[in-house]
Amino acid sequence: MAEIITAKTAGFCFGVKKAVDRAFELAAQSSGGRIYTYGPIIHNDEVVRRLEEQGVVTLHTEEELRSVEEGTVILRSHGVPKYIVDLLEEKGIEYVDVTCPFVKRIHNIVFEKSADHNIVIVGNPAHPEVEGICGWCLKKADVIQTSEEAEEYQPPEPLPVCVVSQTTFNLNKFQEILAIFEKKRYDVNIVNTICNATAQHQGEAREIAEAADAMIVIGDTKSSNSRKLYEICKEVCDHTFFIQTVEDLHFPDGAAYPRIGITAGASTPNYIIEEVQKYVGRIF
Ligand code: F3S
């Protein structure tokens, strides 16, 4: 019988797990009142579909949110700008804020610091998390993501600078950018707000793949963090399989792997991981 090693960090990170669990809980408790999520709760079609089956409606735009008159709105783990919370309060719409505490911490930092600092957010300006962080600054923040942008940065006001990062930003890149700020200015206040869930996830996947004869990575093909896990595992384990569900798993004829590793992208629900574990346990 093969030894199966499943990564402890496989699947949802702490913040996403909390958000998804809460959404299912609210759907189950709902006594007829509509439940909405502002944006898909997670980038996984299967999870969104299951929630929809339980009556949860995904709102895709601000316009759709503005048209809600009653019910409960779930604010997902990426967080939202402050004006969205204000809007819901003004309209008297009930909401459940499942913003990840690590993201919420950034909101609190920029909200406070922006009173007497220029704010720089290191991250992708188009990402909803960064849009949310911008929306907690009392004045316009600058978003940068390259060393060139850091070199060119000019503070808009004669105030000290506070630098924070998107939670999933690459640590090495962040450090490069910080070095530029530290060289340029004596009055920078740097808060490293990178969440280490991603780094731990990748580190554990590599460790398991190194020791495994075959490695299975479960994730949506659209998910960039799943693909990244696949690449990391493939580098150290030739027999690495990238699958979306157990149905995609086809081992070559006659294959025998004494030790099989399993990991899964951050948007893969637990029950899909369990199905794969069971299947592999049955055939090897
Ligand atoms: Fe996840 Fe929260 Fe980190 S959503 S990646 S635990 S910031």
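Residues numbered from 1 in each chain as written. Predicted model: local features only at pLDDT ≥ 70, side-chain atom pairs only at ≥ 80, totals over all residues. Heavy atoms only, no water.

**So, the overall build of the protein chain**
Thought 1: Summing up its helical and strand segments, the protein chain has 11 helices and 12 strands in all.
Thought 2: With respect to the three principal axes, the spread of C-alpha positions in the protein chain is 70 × 55 × 20 Å.
Thought 3: The buried share of the protein chain, taken over its 284 residues, is 45%.
Thought 4: At a minimum sequence separation of 6, the contacts of the protein chain that also span at least 24 residues come to 67%.
Thought 5: If you sum the accessible surface of the protein chain, you get close to 14500 Å²; carbon and sulfur atoms cover 49% of it.
Thought 6: Positive and negative side-chain charges in the protein chain, numbering 28 and 43 respectively, have mean positions lying 2 Å apart. (Helix = DSSP H or I, 4+ residues; strand = E, 2+ residues; numbered from the N terminus. Buried < 20%, exposed > 50% of the residue type's maximum accessible area, 1.4 Å probe, protein only. Contact = heavy atoms within 4.5 Å. Areas by Shrake-Rupley, 256 points an atom, 1.4 Å probe, with all protein chains shown as cover. Lys, Arg positive; Asp, Glu negative; His and termini not counted. Charge placed at Lys NZ, Arg CZ, Asp CG, Glu CD.)

**Overview of empty space enclosed by the protein**
If you roll a probe as big as a water molecule over the atoms, it shows you where there is empty space left.
Thought 1: Summed over all chains, the structure comprises one cavity of 30 Å³ or more.
Thought 2: What the largest cavity holds in volume is close to 30 Å³.
Thought 3: Forming the walls of the largest cavity are Thr37, Pro40, Ile41, Val48, Leu51, Glu52, Val56 and Thr58.
Thought 4: Those elements that provide at least two residues to the lining of the largest cavity are helix H2 (45-53) and strand E3 (56-59). (1 Å grid on protein atoms, 1.4 Å probe; cavity = no way out; pocket = protein on both sides within 12 Å on 5 of 7 lines; lining within 4 Å. Points joined across faces, edges and corners; volume = space filled by probe spheres on them.)

**Some remarks on the sheet that holds strand E7 (residues 142-144)**
Thought 1: The strand order across the open sheet built from four strands is E7-E6-E8-E9, with neighbouring strands paired in parallel fashion. The outermost strands of the open sheet, each flanked by one partner alone, are E7 and strand E9 (188-190). Geometrically, the sheet is characterised by an average inter-axis angle of 25° between neighbouring strands, direction not taken into account.
Thought 2: Relative to strand E8 (residues 161-165), strand E6 (residues 118-122) runs parallel, the two sharing five bridges. Bridge pairing in E8 places asparagine 118 opposite valine 161.
Thought 3: Against the sheet, helix H5 (residues 101-113) touches E6, E8 and E9, its axis set at about 170° to E8.
Thought 4: Sheet contacts for helix H8 (residues 171-184): E6, E7, E8 and E9; angle to E8, the most-contacted strand, approximately 175°. (Pairing = 2+ DSSP bridges. Axes fitted to C-alpha atoms, helices over the stretch in contact; angles between N-to-C directions.)

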